[in-house]
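Each chain, written out:
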Amino acid sequence: MKRYITIFLLIFFQSLLAQYSGSKEFEVVKEKVAERYVTNPQKVKEEAYQFYSSAKTNEDKVISYRYLGYIYDLSGNVDSARFFFQKQLAFSKQYFFSKKQYYQAVIDYANWGTDYVDSNVLIQELTQALLKINELEFPQQKGLMYMLMGDLLLREKQLEKSNEYFDKSFALIQGKFAEQNYYLRKSEIAFEKGEYLNAKENLLTGFALFEDKDVYGYPLYLNKLGYLYLLLGDIENSNQCLYESLHYQRKNGYSNLLSSTYLNLSHLAKVEKNERLVKFNLDKALESNQGNIQVLKDVYLAYKDYYSSQGDFINEHESLTQFDKITDSIFNVEKAKLGIDLESRFQLRENKKELALKEKIIQKEQNIKSLLVIGFGILLLMLIALIGVYFNKIKTQKKLSTNQQLLHEEQLKSMLEHQRTEIIKEKIKAKLEERSKLSLELHDGIANEIGALKVSLTNDALEAANINSIVDKIDKLYNEVRDWSHDLNSDKILDIEFSQLINSLCLIAEKKGIKITKNILIDEKINTLDDSILLNIYRILQEAINNVLKHAKATAIQLDIFQSETELFLIIKDNGVGFSKNSSKSGIGLKNIEKRIEMLKGKIYIMSSDEGTILDLKLPL
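What counts, and at which threshold
- Residues numbered from 1 in each chain as written.
- Predicted model: local features only at pLDDT ≥ 70, side-chain atom pairs only at ≥ 80, totals over all residues.
- Heavy atoms only, no water.
- Pairing = 2+ DSSP bridges.
- Helix = DSSP H or I, 4+ residues; strand = E, 2+ residues; numbered from the N terminus.
- Axes fitted to C-alpha atoms, helices over the stretch in contact; angles between N-to-C directions.
- Contact = heavy atoms within 4.5 Å.
- Core = buried A, V, L, I, M, F, W, Y, C linked by side-chain atoms within 4.5 Å.
- Buried < 20%, exposed > 50% of the residue type's maximum accessible area, 1.4 Å probe, protein only.
- Expected span 1.5 Å × (residues − 1).
- Arc of directions from axis to C-beta.

Visitor: Help me understand the sheet that holds strand E4 (residues 603-609) in this model?
Guide: Strand order across the open sheet formed by five strands is E1-E2-E3-E5-E4, with mixed pairing between neighbours. Strands with a single pairing partner mark the edges of an open sheet, and in this sheet they are strand E1 (515-521) and E4. Averaged over all pairs of adjacent strands, the angle between their axes in this sheet comes to 5°, without regard to strand direction. Bridge count between E4 and strand E5 (residues 612-620): seven bridges; the pairing is antiparallel. Paired with Lys-603 across the two strands is Lys-618, which belongs to E5. Sheet strands in contact with helix H23 (residues 498-511) are E1 and strand E2 (556-563), and its direction is about 170° off that of E1. The strands touched by helix H24 (residues 531-552) within the sheet are E2, strand E3 (567-574) and E5, with E3 carrying the most contacts at an inclination of about 10°.

Have a look at this one:
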């Protein structure tokens, strides 16, 4: 039943495809495929792949996935159809979420998957799309999703809910095959209820609307009518409908319906007591089945009955075993319950406005009744007094509100000024600390190196080896001064993404022979933080890694950075010699880290032993 939507979907969207053409070649091949794939999908498969390979833009690609999915579906190739429909859905979510292409991909996937995919998966996809879609902008797509939700609920035997969704879909869908789709589904509901005459009436009403026999819906209707006539005991009409359906399926290459038709023909042969023809049709039904497990289950059940009538107990047992395996694998009870729960939650949200309106009406009626109890006469006597009190109260509240607003504005202005002052103080404090650190580094490091170079250069007996050593020291001194220059350039730092800053710090350590292990789980939110916060976080990491390089004698560093909605966590672990927090080694570097943590209102935990040191930092975002 679900593939009958295929024709309607493609005809409806055919008029929209021209705007997505990415090249002349793509457009030419697309037109050829569009004209012939419905009537003979096998013959246009090669052209469809040419159409697929020439797609350049994202719009062209999603259209080509869709055509190939339908061609393979109509041809009965389940695995290839699955591949292209899933690719269409994933691609549309990535590039066209909440747009027409995304909703169409959900419709195509659910339409194909009705016979092959777990109901829970399909209901979840449809529910997510229905919660996003705007009915005024996409009424046709919403109607089709309603129809598919009804199909899934019908499969789960939720007949009343299924009927509600079919009625809602019919009110939204416009197009050539809308009525035929509707009557086909109404007949399915009547059939499940055992109302065969009602089902027949709906089928005949929809069947009368066909003008073209070379479309998928025509043999589908014939197959349904043939089985229904069989149940009603009309053998002649059943035989005519089923064989005519088989003729049009073979003529147009609709392989995916063959298994169901041959199964119905086996039931007809059984009524006619033609045992040879029963077995022949069952074999053809099994041979032509392309993965429709619902039909396959019924085929094995029919095999079981056939072998039982022949007294072939071995094959009867084997058929029953196959039937049980398929039955157990179809869908478990918990998944079905979860799927219905998802649909129910969507339905609750869908009717939220209607429920709110009903509650308001009920509340209004209750208020009217209460007022009537109090008495219309008392209300008239007190009305003038109440009006006076009301206006006086309004005047007082307005004045109070004005005063509160002025007070609030003053408080807000004062708070902003205070925050601005504090930020300036912190920035000045940070600059002074940086200058103090730079002074210490220049005095203890670079100045000492320059002094040593001066002594070496004043030596009268300079040898070639000494000259090379002096040149190496000058290079080292140059690189150290350059690194300090880069570190002090905060504008350059803030122009780079946070993850790249971390990688540059790790690269410095790796160049000095330290093995770095990184676990970084952050998102784009961190790059939107205030520049002063980002700079402080970077300086904390820089200071921690420099301390390891200078003092820890470590060979490995593990760096873990991850974030939650409200906090950032930094863990720096080394395998060095450790230190005592009260010793001289816990000098300006660790103090700088602690001051920055305090300025960011974060927390620091230090664990150190002779096996290494762990800095565990937690910062609010």
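The structure having been displayed, the exposition proceeds.
Visitor: Is there a simple way to think about the nonpolar core in this case?
Guide: Generally speaking, a soluble globular protein has its nonpolar side chains buried in company with each other. Ranked by size, the top nonpolar core spans 47 residues in total, and within it Tyr-103, Val-106, Tyr-109, Trp-112, Leu-126, Met-145 and Met-149 carry the most contacts. For this core, the secondary structure elements donating two or more residues are helix H4 (58-75), helix H5 (78-95), helix H6 (100-113), helix H7 (119-132), helix H8 (139-155), helix H9 (159-172) and helix H10 (178-192). Considering every element that reaches this core, the biggest residue donor is H8, with nine residues. Contacts of Tyr-103, omitting those with residues within four sequence positions, involve Ser-98, Ala-129, Lys-132, Ile-133, Phe-138, Gln-141 and Met-145. Counting 32 residues, the second largest nonpolar core, distinct from the first, contains Ala-509, Ile-545, Leu-568 and Ile-593.

Visitor: What exactly am I supposed to notice about helix H25 (residues 588-599) here?
Guide: Since the α-helix packs 3.6 residues into each turn, any two residues three or four apart lie on the same face. Taking 1.5 Å of rise per residue, 12 residues should cover 16 Å, and H25 covers 16 Å from first to last C-alpha, within 8% of that figure. Of the positions making up H25, those classed as buried are Gly-589, Leu-590, Asn-592, Ile-593, Arg-596 and Ile-597. End-on, the buried residues of H25 take up no more than an arc of 160°, which puts them together on one face. Positive backbone phi, at 60°, marks Lys-601, one or two positions downstream of H25.

Visitor: I tried to follow the pairing of E2 on my own but got confused; where do I start?
Guide: Remark: a regular strand shows side chains that alternate across the two faces of the sheet. Inspection of the sheet shows E1 paired to E2 by seven bridges, in the parallel sense. Counterpart to Thr-517 in the pairing with E2 is Gln-558. In terms of strand pairing, E2 meets E3 through seven bridges, oriented antiparallel. Residue pairing across strands places Asp-560 opposite Ile-571, the latter belonging to E3.

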